[in-house]
Amino acid sequence: MKKQQRNRLIVAAVLTVLCALLALVPFTGLEAQGKGVLIVFVWAILMWIVRPIPEYLIGVLAAAVLAIFFGMKTNVVSGFSSSGWWLCLWAGFIGSAIKFSGLGERVAYWILVKMGKTELMANYATSIANTVLSLMIPSNTARGAVMSPICDNICEGMGYKRGEHKGDAAIMLSNLFTNTTNTWLFYTAVGANAIGMALVTEVTGQEISWTGWLQATFIPAGITLLPIPILCHLLFGAKKVEMIHVRELLPLTGYIRGGCSPVGMKTKLPTFIQRDCLELEEMFVSAGQRGLQVAIAPRALVDFTQATPTDLTIEK
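Residues numbered from 1 in each chain as written. Predicted model: local features only at pLDDT ≥ 70, side-chain atom pairs only at ≥ 80, totals over all residues. Heavy atoms only, no water.

### What to know about the overall build of the protein
Looking only at helices and strands, the protein has 14 helices and four strands in total. Going through the 316 residues of the protein one by one, you find that 33% of them count as buried. Partitioning the contacts of the protein with sequence separation of at least 6, the portion at a separation of at least 24 is 63%. If you sum the accessible surface of the protein, you get close to 19,900 Å²; carbon and sulfur atoms cover 67% of it. (Helix = DSSP H or I, 4+ residues; strand = E, 2+ residues; numbered from the N terminus. Buried < 20%, exposed > 50% of the residue type's maximum accessible area, 1.4 Å probe, protein only. Contact = heavy atoms within 4.5 Å. Areas by Shrake-Rupley, 256 points an atom, 1.4 Å probe, with all protein chains shown as cover.)

Take a look at the structure:
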């Protein structure tokens, strides 16, 4: 068992014991059943944060405890009568099919070819795709299930490692903010907008149709949608890269000028490689001494050094 997973299990066990001890603490205003339900929900949230086991198993365990020990058999399964639940489930199947069939990769590479291999254009491409899907899929969660594997594949196609490159964060956040704004624009989402519309009707006494809502929100939502990709690019995307100054080269890398290799540096530094190099079968890099080169497959170099492929050159 990996050390990280073992640590998660230890933390989860400690949190589970603490939640169990909460049963001994008096909760003013709550009956025993309500107190138990609250503790189970707190436990489930903590487990979703720590993730000692897959999230869906945590949900199943929480539901089983509520049904078996707190007499909530009917309440536990009542959500299955909601069309929104089935919509999200169906979208999850679609998302899995997109991921495992390779369709997500094909869509991602088509986007990269047509829109250009830059994070900013990928932001706009996913925003357009999300907006189109908003007309067909009313649930935020369902759209997320469809778009997430495509965004993952775009990041992989651009060489971004999840959690290790700012371009990955920019693409994901751009898609997230666009998804939320489209909910406002098209009056979608299973719960939030329905509640909001009920409040509008209660306060004003008037009902607004879907087309009326679209007419009212088209301009403000459109103005909000357009800058989201570029704002995510500016706020969360990669800014610039620089070569190490010659005076810092030897202390940081252990190599001298003219013999610096991306392999075996004394200090692990962020390393970047021109994305076009990945199309080559073989390339030459310094072997650590002046005049000495080593031939290596670009993909192998990226995997070994954990380098980030990106656009480093400027065409004139």
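### Structural notes on the side chain of Ser286
The topology assignment puts Ser286 in strand 2 (residues 283–286). Ser286 gets classed as buried once you look at its relative accessible area, which sits at 11%. Reaching out from Ser286, the side chain makes a polar contact with the backbone oxygen of Gly259 at a distance of 3.3 Å. Once you skip the residues sitting within four places of it in the chain, Ser286 turns out to touch Gly258, Gly259, Cys260, Ser261, Leu292, Gln293 and Val294. (Polar contact = N/O pair within 3.5 Å; in protein donor to acceptor, adjacent residues only side chain to side chain.)

### A closer look at the packing of helix 1 (residues 3–21) against helix 2 (residues 32–50)
Following both chains from N to C, one finds helix 1 and helix 2 inclined at 165 degrees, their axes separated by 10 Å at the closest point. The pairing of helix 1 with helix 2 is recorded here as roughly antiparallel in orientation. Between helix 1 and helix 2 the crossing geometry is right-handed. Residues Arg8, Val11, Ala12, Leu15, Thr16 and Cys19 of helix 1 pack against Ile39, Val42, Trp43, Leu46, Met47 and Val50 of helix 2. Split into classes, the residues belonging to the contact of helix 1 with helix 2 amount to 10 nonpolar, one polar and one charged. (Axes fitted to C-alpha atoms, helices over the stretch in contact; angles between N-to-C directions. Parallel < 35°, antiparallel > 145°, perpendicular 65-115°, else oblique. Left-handed = near helix turned anticlockwise from the far one by under 90°. Nonpolar A, V, L, I, M, F, W, Y, C, P; charged D, E, K, R; others polar.)

Just distances and angles here, no functional claims.
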